[in-house]
Amino acid sequence: SNIYVSAIVFGGTPRSLLTLAELGQFEICTSQAIRQEVERTLRQKFEWPQERIDLACSPLWAIAHNVEAEPFLAITDDPDDNRILECAVAGKAQAIVTGDDDLLRLKNFEGVEILKARAFSSVMRPFRTASSVTLTTSYNHKAGKIALSVRFDRRPSSVSVNSVASSVKHQAIV
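Described in the following lines is the structure provided in the data block. (Residues numbered from 1 in each chain as written. Predicted model: local features only at pLDDT ≥ 70, side-chain atom pairs only at ≥ 80, totals over all residues. Heavy atoms only, no water.)

## Points about unusual backbone geometry
Turning to step 1, where the next piece is worked out: A positive phi is found at Glu47, a non-glycine position, where the angle reads about 55 degrees.
Turning to step 2, where the next piece is worked out: You can see Glu47 is positioned in the loop between helix 3 (32-44) and helix 4 (50-63).
Turning to step 3, where the next piece is worked out: Classification of Glu47 by relative accessible area gives exposed; the value is 66%.
Turning to step 4, where the next piece is worked out: The residue Lys107 is not glycine, and still its phi comes out positive at about 65 degrees.
Turning to step 5, where the next piece is worked out: Along the chain, the position of Lys107 falls in the loop between helix 6 (101-106) and strand 4 (108-109). (Helix = DSSP H or I, 4+ residues; strand = E, 2+ residues; numbered from the N terminus. Buried < 20%, exposed > 50% of the residue type's maximum accessible area, 1.4 Å probe, protein only.)

Structure representation (structure tokens):
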């Protein structure tokens, strides 16, 4: 959960990785327990109101593969760390990306490699050299569903909106 919180609050390498996930370069897995921990951290540690948490987290949860992970592990002393391991196993993940020292000390769990964000970013580096990228996303808002497809070319100032679809009665594209 620390990678999600870092990406949302601070940006940097964790945010870059989530952008690659949004672009479909890899799939992220999450569980109800992880989502609750992220939202609890934003609320308690950073004192974010629920509306801001929803705005920040909804797009992330929309692209994540949600797995049903039952609490069954007691590998670490921290129950939240055990929820991460359970999610990785249930989601058949190839890697866990974390900044948590207890998890990083494990290095590998049931064939799942445990890496820092920078190490995983190095693995993903070849995907960041594409000449163009198309981002397609949708967002469920209380007013309706919004879908957007945008192509980004490496040339400066070259962005084209391919399609915008919405079930929102009143909309604004800014």
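Right, picking up where we left off after that structure.
## Side note on the packing of helix 3 against helix 5 (residues 79-90)
Turning to step 1, where the next piece is worked out: Between helix 3 and helix 5, the shortest axis-to-axis distance is 9 Å and the interhelical angle comes to 140 degrees. Between helix 3 and helix 5, the crossing angle belongs to the class labelled oblique. The handedness of the crossing between helix 3 and helix 5 is left-handed. Along its contact with helix 3, which presents Ala33, Ile34, Glu37 and Arg40, the element helix 5 presents Asp80, Arg83, Ile84 and Cys87.
Turning to step 2, where the next piece is worked out: Within the contact of helix 3 with helix 5, the residues separate by chemical class into four nonpolar, no polar and four charged. (Axes fitted to C-alpha atoms, helices over the stretch in contact; angles between N-to-C directions. Parallel < 35°, antiparallel > 145°, perpendicular 65-115°, else oblique. Left-handed = near helix turned anticlockwise from the far one by under 90°. Contact = heavy atoms within 4.5 Å. Nonpolar A, V, L, I, M, F, W, Y, C, P; charged D, E, K, R; others polar.)

## Comments concerning helix 3
Turning to step 1, where the next piece is worked out: Under the 1.5 Å per step criterion, the end-to-end length of helix 3 is 18 Å for 13 residues, consistent within 8% with the ideal 18 Å.
Turning to step 2, where the next piece is worked out: Lining the buried residues of helix 3 we find helix 1 (2-9), strand 1 (29-30), helix 4, strand 2 (65-66) and helix 5. (Expected span 1.5 Å × (residues − 1).)

## With respect to the pairing of strand 5 (residues 112-115)
Turning to step 1, where the next piece is worked out: One ladder, built from three bridges, connects strand 3 (residues 95-97) with strand 5; its direction is parallel. Across the sheet, residue Val97 finds its bridge partner in strand 5, namely Leu115.
Turning to step 2, where the next piece is worked out: Sheet analysis places strand 4 next to strand 5, joined by two bridges and oriented antiparallel. Directly across from Phe109, in strand 5, lies its bridge partner Val112. (Pairing = 2+ DSSP bridges.)

## Notes on helix 7 (residues 117-124)
Turning to step 1, where the next piece is worked out: If you check which residues of helix 7 are buried, you get Ala117, Phe120, Ser121 and Met124. Viewed along the axis of helix 7, the buried residues span an arc of 105 degrees, placing them on a single side of the element. What points out from helix 7, more than 90 degrees from its buried face, is the exposed set Arg118 and Val123.
Turning to step 2, where the next piece is worked out: Considering only its buried residues, helix 7 is in contact with helix 1, helix 2 (12-22), strand 3 and strand 5. (Arc of directions from axis to C-beta.)

## Notes on the sheet that holds strand 4
Turning to step 1, where the next piece is worked out: What the three strands build is an open sheet, ordered 3-5-4; its pairing is mixed. The open sheet terminates on both sides in strands that have one partner only, identified here as strand 3 and strand 4.

## Details of the pattern of salt bridges
Turning to step 1, where the next piece is worked out: In the structure shown here, the tally under the stated rule is four salt bridges.
Turning to step 2, where the next piece is worked out: Across the pair Arg40 and Asp80 runs a salt bridge whose closest N-O atoms are separated by 3.8 Å. Within this pair, whereas Arg40 is found in helix 3, its partner Asp80 is found in helix 5, the two being separated by 40 residues in sequence.
Turning to step 3, where the next piece is worked out: For Arg40, a relative accessible area of 31% puts it in the partly exposed group.
Turning to step 4, where the next piece is worked out: Its relative accessible area of 26% is what places Asp80 among the partly exposed residues. (Salt bridge = Lys/Arg side-chain N within 4 Å of Asp/Glu carboxyl O.)

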